[in-house]
Amino acid sequence: MKIATVAFYGCTLGLLAMGLRELLSGFEENRCSMTYMFEYPEYRRVHLPQRVAQRYPGYGLYLYGEGLYAQETRGLKLSGAPVLFLPGNAGSYKQARSLGSVALRKAEAMDNKFHLNVFTVDFNEELVALYGGSLYRQTHFLHECIKAILRLYRKQAQPPRSVVLVGHSMGGVVARALFTLPRFSPQLVSLILTQASPHSAPVLPLDTQLLEFYSAVKGRWYSGATDVHNVTVLSVGGGYRDYQVRSGLTALPCPAGDPNKLSLVATAVPRTWVSTDHLSIVWCKELVLATVRAFFDLIDPDTRQFTDDPVLRMTVLRHHFVRHPVRLLGVQEDTHIRFSGPADAWTEVNTLRLAYSSPKEPRVKYFLFALSSRRKAYSHFYCRSSNMEMTSWLYGCTRMEGSMCVQGVDLSWETELLPAYKAITVKLSDLSSISHLVIGASNLSGKQFSVECEWLILESRTVTVPVPHVLSFGLTVSDVTLSSSGLFHNIQLQHFHQVYQAFRITIVGQCKAAKDRLPSVYRLTVPWFREDSFSTARLDLLPSVTEIAAMLHTSRPGNTSSALLQLHTAPNCQYKIFVRTSFPKVLGQVLRFCGSTLPVYTAVGLLLALEGQLKALVRTGHPMKMSEAVGGVALPIKVELPVYLLHLLLRLSWFQEGWTALWLPPVDGLPLSSLDAGGGDSEPSDWPAPEEEWTRLLSLVLCVLGVTVAFWGSTLLQLFLRMLSLVLAPLHRPSASRDGGTLHPWLQLLLIPSLGLLGWATCGALALTAAFLLHLYRVLRLQMSKRTLENVLNLAPQQQNGEKEKDSGDAVGQSCSKECNGAPLLSESALQEVTDDLQLHLSLSALLTVPLMLNAPSLLHWARSLRYSVRLDPDPCWPFALPLLTATILLVNCNTLILRRSKLLALSSHILLPLCIAMVTFSMLHLYRVTHFLCVPLALLALAWRL
C-alpha cells in the first residue's frame with residue numbers, strides 16, 4: 001500500500017471524523033429541565049375488543065395516572081379531555097409520563113376545574129423509522145384506540161367528539177396517516193401536536209413500504225380537502241441537538257397559505273429557547289409546560305372539552321409557541337382605557353431615550369411621549385422592560401386633558417417575550433389616531449423593575465454584512481462596528497441562505513463604564529422558517545465576548561431575504577461583529593443533510609475496487625490487492641464526471657422527453673431541500689433545476705468521504721478476519737489448499753432452495769445473513785491457508801541450518817501434502833494462487849456487507865416480533881434476497897484460476913462503472929435501490945464463474 005494513498009485517506013478520515021464530531025457533539029449543552037413525578041406513575045391497560053386484541057397482539061392502550069387520580073380512574077370512569085400520546089421509533093408508551101404528570105399538577109393548581117385524561121399507545125417499541133412494514137399496522141391500531149377512548153365517555157352528558165394526538169418522532173407521522181384510512185372519520189381528530197417528527201421525508205429511505213407510506217400521507221395532506229384543511233397541526237423540531245431527525249424534516253408539507261398548520265423549532269418557542277435531543281423533547285420541562293398550558297387554554301369552559309373552533313386553536317398555539325405577549329390569553333382587549341392618578345404621576349419625556357428604574361416604594365407612574373414632533377423624524381418606537389409585573393404597559397393616548405392622558409388604547413398585545421426581558425416595537429405610521437404614547441411604570445406591589453425606551457429609524461439601524469465564502473476556511477473575516485449607541489440593531493447577513501453554510505459569529509461589546517445593565521439579547525432569525533435561536537450576554541465583565549454558531553435548518557425558498565441577526569443592545573456601548581466561516585461546522589452540516597448518501601458512495605467505492613481487481617485479472621491473470629484497488633484516488637472522478645454530464649443533459653427539453661419516453665425514473669439529487677420541496681420529497685417528480693457549482697463540489701466531497709469509508713472499512717474488515725482466523729485456527733487442521741471452505745456442488749444445490757425457503761417463511765434478511773456467513777467462512781479458510789503457506793515457505797530455507805528446523809519443516813510439509821492428497825502446493829505459486837483468491841473474496845465480503853447492513857433493520861424487527869409471528873410481512877428484503885443469496889452461495893466456490901478463463905469476465909468488469917453511475921443517479925433518496933444494483937454484478941460474477 002502506497003504511503004501517499006494512506007496519507008490521503010488518513011486526511012479524508014480526519015475530515016470525516018471532524019464532521020461527525022460537530023454533528024454529534026458540536027452544539028450547546030442540554031439546558032432542558034427534567035420533569036419529575038411527585039407520585040408513583042401507573043399505567044392502567046384499557047381493554048380493547050377481542051377482534052382488535054387478536055389482530056394486534058403486540059400492541060396495547062393505557063391510561064396514565066398517579067396517586068389519588070390513578071385510584072379514581074381504576075374503573076375507567078372518566079370526565080376529562082382525552083389526549084393520546086404516540087411513541088416513535090423504538091419508543092416506549094411510558095414516555096407519556098412527563099406530559100401526564102405535568103397535566104395532573106396543572107389540574108390540581110386549578111382546583112380540578114378542568115383536567116386531562118392522558119392515554120398512551122404501546123407499539124411494541126418497533127423500529128418503524130427504518131422498517132416501513134409496520135406503519136400501516138400502527139395506523140389502523142391507532143384508529144381502533146381512538147374509537148375505544150371515545151367509547152369510555154359515552155355515558156357523559158357532553159362526551160368529547162375528538163381526541164387530541166401528541167406524537168413523538170414517527171408517532172407524529174402515524175397520527176397524520178390516520179387521514180389516509182378509507183374508514184376514518186376526520187371528526188375524530190381535530191388537533192395534532194408532533195415532537196421531532198420527520199414529516200417531509202424519512203430519515204433513511206431503506207424500503208419501498210416506507211416511501212409509499214410517506215407518499216400516501218403527503219398526497220392526502222396536499223389534496224386541499226376540507227377535512228384535512230380544518231385539522232390543526234403543530235410540528236416542533238428539536239434543533240441542532242437532535243442529530244437523529246434534523247429540524248428541516250419536521251416542517252409540515254402542506255399547501256401554501258394553510259392557516260391551520262404550524263412548524264417551528266424548540267429554540268424559537270417562548271419561555272423555552274432551548275435545543276432538545278431526540279428523546280429529551282418528550283420530557284423537556286420548558287416545552288412540556290408550554291404544551292400543557294396550550295391544552296388547558298384550548299378547553300371550552302362550557303363543555304369541559306377541547307374547542308371545535310380552528311381559529312381559536314391556532315390563536316392559542318401561536319400565543320404559546322410563536323409570540324407570547326406576556327399576558328393571559330383569556331383577557332379581552334379593552335379598546336377604551338381610562339387613566340386615573342394624581343397629576344404629578346405624569347412625566348412627559350422630551351429626550352430621545354428613556355431609562356427608568358422604579359423605586360422600592362410603591363408608587364403610580366406614567367411617562368408620556370408626544371408623537372407630533374417625532375412622526376417625520378423617526379419610523380419606530382422601541383421599548384423593553386425587565387421584571388415588570390404589569391401585563392399592560394404600553395398605551396396609545398386618544399384624549400389628553402392638560403398634561404395627563406385620560407383615555408387611550410392598549411398596545412401591549414404587540415409585546416414579545418425575550419430570554420432576558422419583554423420588548424415591543426411599534427410602527428409610528430400605524431398610530432395615526434394617537435397623539436401620545438404612554439408607558440405605565442407603576443409599581444404598586446413595591447417590586448423593582450427597569451424600563452428602557454427610544455425613538456429610532458429602523459432603516460438606519462440595519463447594516464448589511466456579506467458573509468464570507470463557504471470555502472474561505474475561516475481565513476476571511478467580515479466585520480462591522482455599530483456606531484450607534486441605541487437599544488436595537490439589525491445585521492442583515494447577505495448571501496446566508498443555504499444549509500451547507502455555517503459561520504462563527506463573534507460579538508464583542510465594550511461599554512464606557514461597568515455598571516448594572518440589562519443583558520444584551522442576540523437573535524438569529526430567518527424569514528422563511530421559525531427556527532430562531534437566542535443568545536444572551538451580560539456586560540458586567542468588560543469587554544463582553546459572545547460566540548454564536550450560525551447555521552440553518554432549511555434553505556431559502558425562492559427569492560426571500562437572507563438570515564437576520566437582531567441585537568437588543570445596551571445603551572452607550574460599542575459593538576463589533578465578526579463573521580467567519582466555520583469549516584468544521586460546514587462539514588457537520590454536510591453530514592447532517594447528506595450523511596444518508598454515504599452508503600451509496602461506499603458501495604460505489606467497493607464496486608470500483610472490484611472493477612479494478614477484475615480488470616487486473618483479465619490483464620495479468622492476478623487481481624489487485626484489495627487495499628490498492630479501493631485506494632485509487634481517482635475513483636470519485638470516474639463517477640462524478642458522467643453524473644454531472646447527465647445532469648447537464650437533463651436541462652435540455654429534448655433529452656427530458658427522451659428520458660420520459662424510456663420510462664426511466666426521475667434522478668435523485670442531494671437531500672439539500674428547501675420548504676418549497678417540503679423539506680425533501682421522498683418521491684421526487686420534478687426534473688433537477690439548474691445547479692450551482694457548489695452542488696457538484698458537494699457531491700464530489702461526499703463521494704470522497706464514501707470511498708474513505710470503503711477504504712478504512714475494508715481495512716478493518718481485513719484486520720478483523722485476520723484476527724478471527726487466528727482464533728479459529730486451532731479448531732481446524734493445517735491446510736494449504738485453495739479449496740478450504742468450499743461447498744460441494746450438491747450441497748450448493750441444496751442450500752439455495754433451502755435458504756430461499758427460509759427467507760420466504762421467516763425473513764429474507766435472515767437467509768441473506770446465513771449466505772453471508774458461509775462466504776465469510778470461505779474467506780477465513782483462505783486466510784488460514786495463506787498463513788500456513790507463509791509459515792512453510794519461511795521455514796524451508798532454514799532446513800539446512802539445523803536438525804530442529806529440518807524436522808519442523810518436514811512435519812508441516814507432510815501434513816500439508818497429506819491434506820492436499822500429495823499435490824505440490826508448497827511453492828510460491830501456490831501461495832500466489834491462495835492470495836489471489838483471498839483478495840477477490842475479501843472484496844466480495846466487503847461488498848456483501850453493504851446490503852447486509854441496509855437490510856439489518858428488517859432483521860431486527862423480525863427478531864423482536866418473533867413471539868407474535870414467525871414470518872415478516874411485508875418483507876422488503878425478500879424479492880431481492882433470492883438472487884443475492886443465490887449469487888453468494890455460488891461465489892463461495894469461486895477461484896481466480898477458473899474465473900480468469902471465463903468469457904463473461906470482461907463483460908462483468910466493464911459493466912461495473914455504468915452500474916456505479918446509475919447507483920449515484922437513482923439511489924440518493926432511495927437507499928433500498930443499492931441492494932438492487934448490487935444484485936447485478938454479483939449475479940454476473942457468479943455466471944462468469946459457472947460458465
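Sequence positions are assigned chain by chain, starting from 1 and proceeding in written order. Owing to the predicted nature of the model, reporting of local features is limited to residues with pLDDT of at least 70; listing and counting of side-chain atom pairs is limited to 80 or more, with chain, interface and lining totals taken over all residues. Side-chain figures throughout are based on the complete set of non-hydrogen atoms in the structure, without hydrogens or water.

Peer 1: How should I be thinking about helix 26 (residues 929-946) in this particular structure?
Peer 2: Because an α-helix packs 3.6 residues into every turn, residues spaced three or four apart end up facing the same way. The end-to-end C-alpha separation of helix 26 is 26 Å, in line with the 26 Å expected for 18 residues at 1.5 Å each. Here's how the labels work: a residue is buried when its accessible area is under 20% of the maximum for its type, exposed when over 50%, partly exposed in between, all with a 1.4 Å probe on protein chains only. Comment: elements are numbered from the N terminus, with helices defined as DSSP H or I runs of at least four residues and strands as E runs of at least two. The buried fraction of helix 26 amounts to 13 of the 18 residues, a majority that puts the element mostly inside the structure. The span you would expect from a helix comes to 1.5 Å times its residue count less one.

Peer 1: What is the right way to read the pattern of salt bridges from this model?
Peer 2: Pairs can form between side chains of opposite charge whenever their charged atoms are close. For this analysis, a salt bridge means a side-chain nitrogen from Lys or Arg found within 4 Å of a carboxyl oxygen belonging to Asp or Glu. If you walk through the whole model with that rule in mind, you get 25 salt bridges. The partner of glutamate 22 in a salt bridge is arginine 21, and the shortest N-O contact between them spans 3.7 Å. In this structure glutamate 22 comes out as buried when scored by relative accessible area, which is 12%.

Peer 1: Could you clarify how one ought to interpret the state of the cysteines in this entry?
Peer 2: Here, a disulfide means two cysteine sulfur atoms that sit within 2.5 Å of each other. Following the criterion strictly, the structure yields four disulfides and no others. The disulfide bridge from cysteine 397 ends at cysteine 405, spanning 2.2 Å between sulfur atoms. What sets the handedness of the cysteine 397 and cysteine 405 disulfide is the S-S torsion sign, and at about 110 degrees it is right-handed. On the accessibility criterion, cysteine 397 (0% relative accessible area) is buried. Residue classification places cysteine 405 among the buried positions, given a relative accessible area of 0%. Residue pairing for cysteine 511: its cysteine sulfur links by disulfide to cysteine 573, the two sulfurs lying 2.0 Å apart. Judged by the torsion about the S-S bond (105 degrees), the cysteine 511/cysteine 573 disulfide is right-handed.

Peer 1: What is the right way to read a nonpolar patch on the surface from this model?
Peer 2: A residue counts toward a patch only above 30% relative accessible area and without a salt bridge, and it is joined to like-charged neighbours within 9 Å or, for Val, Leu, Ile, Met, Phe, Trp and Tyr, to nonpolar neighbours within 5 Å. Residue exposure ignores everything except the shown protein chains as possible cover, and the areas themselves are Shrake-Rupley values with a 1.4 Å probe. Residues Leu471, Phe473, Leu475, Leu697 and Val701 make up a contiguous nonpolar surface patch of about 470 Å² in total accessible area. Residue leucine 471 is classed as partly exposed on the basis of its relative accessible area of 41%.

Peer 1: Teacher, can you tell me more about the environment of alanine 771 here?
Peer 2: In this fold, alanine 771 is placed in helix 19 (residues 764-795). The spatial distance from the C-alpha of alanine 771 to the C-alpha of leucine 848 is 9.8 Å, given a sequence separation of 77 residues. Apart from residues lying up to four places away in sequence, alanine 771 is in contact with Leu755, Leu885, Thr888 and Ile889. Only heavy atoms enter the contact rule, under which two residues are in contact if any of them lie within 4.5 Å.

Peer 1: How should unusual backbone geometry be read in this particular structure?
Peer 2: Only a minority of non-glycine residues have a phi that is not negative, and only a minority of peptide bonds are not trans. Note that the residue after aspartate 873, namely proline 874, is joined by a cis bond; omega there is -5 degrees. Even without a glycine there, the phi angle at alanine 196 is positive, about 55 degrees. Along the chain, the position of alanine 196 falls in the loop between strand 6 (191-195) and helix 7 (208-222). The exposure class assigned to alanine 196 is buried, which follows from its relative accessible area of 0%.

Peer 1: In this structure, what is going on with the confidence of the model for the protein chain? I would like to understand it.
Peer 2: As a general rule, the predicted coordinates of low-pLDDT regions are not to be interpreted in detail. Across the protein chain, pLDDT averages 87, with 93% of residues at or above 70. For every residue, the predictor states its confidence as a pLDDT score lying anywhere from 0 to 100. Scored below 50 in pLDDT, residues 676-691 makes 42 contacts in the model with residues more than four places away or belonging to other chains. Predicted confidence is poor over residues 802-826, with pLDDT under 50, and the contacts of this stretch with residues over four places away or in other chains come to 26 contacts.

Peer 1: What's the story with the sheet that holds strand 23 (residues 477-482) in this structure? I'm lost.
Peer 2: Remark on secondary structure: sheet strands pair via backbone hydrogen bonds, oriented parallel or antiparallel. When DSSP locates at least two bridges between a pair of strands, those strands are taken to pair. If you walk across this open sheet you meet the four strands as 23-30-25-28, and the pairing is antiparallel. Where the open sheet ends on each side, the last strands, each with one partner, are strand 23 and strand 28 (544-551). Neighbour-to-neighbour, the strand axes of this sheet turn through a mean angle of 15 degrees, independent of strand direction. Bridge analysis of strand 25 (residues 502-511) against strand 30 (residues 573-581) gives nine bridges, and the strand direction is antiparallel. A fitted line through C-alpha atoms serves as each axis, taken over the contacting stretch for helices, and the angle formed by two N-to-C directions is quoted from 0 to 180°.

Peer 1: Sorry, what's going on with the environment of serine 247 here?
Peer 2: Tracing the backbone shows serine 247 in the loop between strand 7 (232-237) and strand 8 (261-265). Separated by 284 residues in the primary sequence, serine 247 and glutamate 531 have C-alpha atoms spaced 8.6 Å apart. The contacts of serine 247, once residues within four sequence positions are left out, are Gly237, Gly238, Gly239, Val265, Phe529 and His553.

Peer 1: Any chance you could explain the environment of histidine 841 here in plain terms?
Peer 2: Tracing the sequence through the fold places histidine 841 in helix 21 (residues 828-854). Look at histidine 841 and you get buried, because its relative accessible area is 0%. Considering only alpha carbons, one finds histidine 841 and leucine 891, 50 residues apart in sequence, at a separation of 8.6 Å. Those residues in contact with histidine 841, other than ones at most four positions away along the chain, are His775, Arg778, Val779, Leu782, Leu891, Val892 and Cys894. At 2.9 Å, the side chain of histidine 841 and the side chain of histidine 775 are in polar contact. Any pair of N or O atoms that falls within 3.5 Å is considered a polar contact. Within protein, one atom must be able to donate a hydrogen and the other to accept it, and sequence-neighbouring residues count only if both atoms are side-chain atoms. Reaching out from histidine 841, the side chain makes a polar contact with the backbone oxygen of cysteine 894 at a distance of 2.7 Å.

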